[in-house]
Amino acid sequence: MARVLKRIETYYDTVPRSSARAEEFGPLTLFVREGADGWPFYARPALGHGGGATVEDVERVRTRQRELGMPEAFEWVAETTPGLRAAVEASGLVVHEHPLMVLSTAPRPAPAPAGALVRTLDATDPRLADAVAAPYAAFGATPTPADTARVAARITAGLTVLAAAFDTETGEALAGGQVQPVGDVAEVVGVGTRPGARRRGLGLAVTATLVAEARALGVDLVFLTASDATVERLYARLGFRTVATALIAEP
């Protein structure tokens, strides 16, 4: 399992670099978005740094985040960097725990959801904005045109695959999500279902489609972070199992 976590750690360091610049703060790396419409990134442990971070290290990063108008956010894996939590909490941030899950078997197919069609979208698809909006709606948010444009650009560049479940009668996107491949590793991210369409298996169907797309691209390690224990049990139906704990810290 140590090898798997090492591959995930390398992935975590690589993905933000496609759309952000990295600023090094000793044992920590801060990813800074490029352009006003870029994704507001976070700080995380510097790849390959053997030492632990101190409260002073965390405070230096938080000061820089405030200067840049960025969220004071940190993300890391508890088992990979066990000493960071104490420093982050001592700085006054709140740490949230989430199951980090890896697809450990051959992908298990999800039942086809009744009344919905699951498919991937390219950057020119007329339903792209609707598909991007569905996961946002799951969390009570609305994407901006810049958010949709960013997803379109990442699809064109081969950095992400977007899939959505569409109502077969109305054509509305009911659920959606993305998978981001880097070489032979990929993370499933941002899967969400509109509140009125939950409990129909749409999120699982979208995830299964994303896994199949990743496998078709040559990916042999697929992972994701579940929001809580309930979602963890749902993903287990597709063959994911929890291997570690993802930590997210914020004020």
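The structure under discussion appears in the preceding block.
Residues numbered from 1 in each chain as written. Predicted model: local features only at pLDDT ≥ 70, side-chain atom pairs only at ≥ 80, totals over all residues. Heavy atoms only, no water.

Novice: Where do I start with the overall build of the protein chain in this structure?
Specialist: Secondary structure summary: the protein chain contains 7 helices and 11 strands in total. Here the C-alpha radius of gyration of the protein chain, 18 Å, is about what a compact globule of 251 residues would show, namely 18 Å. Along the first, second and third principal axes, the C-alpha atoms of the protein chain reach 55 × 40 × 30 Å. Counting all 251 residues of the protein chain, 49% fall into the buried class. A separation threshold of at least 6 residues defines the contact pool for the protein chain, and within that pool the share at least 24 residues apart is 68%. Carbon and sulfur atoms make up 55% of the accessible area of the protein chain, which amounts to about 11,600 Å² in all. Each charge class in the protein chain can be summarised by its mean position, and for the 25 positive and 29 negative side chains these summaries are 4 Å apart. (Helix = DSSP H or I, 4+ residues; strand = E, 2+ residues; numbered from the N terminus. Rg over C-alpha atoms; globule rule 2.2 N^0.38 Å. Buried < 20%, exposed > 50% of the residue type's maximum accessible area, 1.4 Å probe, protein only. Contact = heavy atoms within 4.5 Å. Areas by Shrake-Rupley, 256 points an atom, 1.4 Å probe, with all protein chains shown as cover. Lys, Arg positive; Asp, Glu negative; His and termini not counted. Charge placed at Lys NZ, Arg CZ, Asp CG, Glu CD.)

Novice: Help me out: how do you make sense of the environment of Tyr-42 in this one?
Specialist: Secondary-structure assignment places Tyr-42 in the loop between β2 (28-33) and β3 (43-45). For Tyr-42, a relative accessible area of 13% translates into the label buried. For the pair Tyr-42 and Tyr-235, spaced 193 residues apart in the sequence, the C-alpha separation amounts to 26 Å. Discounting residues that sit within four places of it in the chain, Tyr-42 has contacts with Pro-16, Thr-29, Leu-30, Phe-31, Gln-65, Met-70, Ala-73, Phe-74 and Glu-75.

Novice: How do you make sense of helix α1 (residues 2-14) when you look at a structure like this?
Specialist: Since the α-helix turns once every 3.6 residues, residues separated by three or four places project in the same direction. The terminal C-alpha atoms of α1, which comprises 13 residues, lie 18 Å apart, in line with the 18 Å expected from a rise of 1.5 Å per residue. For α1, the set of buried residues is Val-4, Leu-5, Arg-7, Ile-8, Glu-9, Tyr-11, Tyr-12 and Asp-13. (Expected span 1.5 Å × (residues − 1).)

Novice: Can you walk me through the side chain of Asp-167 in this structure?
Specialist: Along the chain, Asp-167 falls in strand β7 (residues 161-167). We note that Asp-167 is buried and unpaired, the nearest opposite charge coming from Arg-200 at a distance of 4.8 Å. Here the side chain of Asp-167 touches Thr-170 through a polar contact of 3.0 Å, landing on its backbone nitrogen. Sequence-distant contacts of Asp-167, that is, excluding residues within four places in its chain, are made with Gly-115, Glu-172 and Leu-174. (Salt bridge = Lys/Arg side-chain N within 4 Å of Asp/Glu carboxyl O. Polar contact = N/O pair within 3.5 Å; in protein donor to acceptor, adjacent residues only side chain to side chain.)

Novice: I keep staring at the packing of aromatic side chains and nothing clicks. Help me out?
Specialist: The geometry of an aromatic ring pair is captured by two quantities: the separation of the ring centres and the angle between the planes. Counted according to the given criterion, the structure contains 6 aromatic pairs. Arranged with centres 5.6 Å apart and planes meeting at 90 degrees, the rings of Tyr-12 and Phe-223 form a pair that is edge-to-face. Residue Tyr-12 is found in helix α1, and its partner Phe-223 is found in strand β10 (residues 221-225); the two are separated by 211 residues along the sequence. Here the aromatic rings of Phe-41 and Tyr-42 are separated by 5.9 Å at their centres, their planes lie at 70 degrees, and the arrangement is edge-to-face. When sorted by exposure, Phe-41 lands in the same class as Tyr-42, which is buried. (Phe/Tyr/Trp six-rings, centres within 6.5 Å; stacked < 30°, edge-to-face > 60°.)

Novice: Just to check I follow, could you spell out the packing of helix α4 (residues 128-138) against helix α5 (residues 145-156) for this structure?
Specialist: To describe two helices that pack against each other, one gives the angle between their axes and the distance between the axes. Between α4 and α5, the least distance of the axes is 10 Å, while the angle of their chain directions is 110 degrees. One way to sum up the angle between α4 and α5 is to call them roughly perpendicular. At the point where α4 passes α5, the crossing takes the right-handed sense. Here Leu-128, Ala-129, Val-132 and Tyr-136 of α4 come into contact with α5, specifically with Asp-147, Thr-148, Arg-150, Val-151, Ala-152 and Ile-155. Here the residues of the contact of α4 with α5 sort into 7 nonpolar, 1 polar and 2 charged. (Axes fitted to C-alpha atoms, helices over the stretch in contact; angles between N-to-C directions. Parallel < 35°, antiparallel > 145°, perpendicular 65-115°, else oblique. Left-handed = near helix turned anticlockwise from the far one by under 90°. Nonpolar A, V, L, I, M, F, W, Y, C, P; charged D, E, K, R; others polar.)

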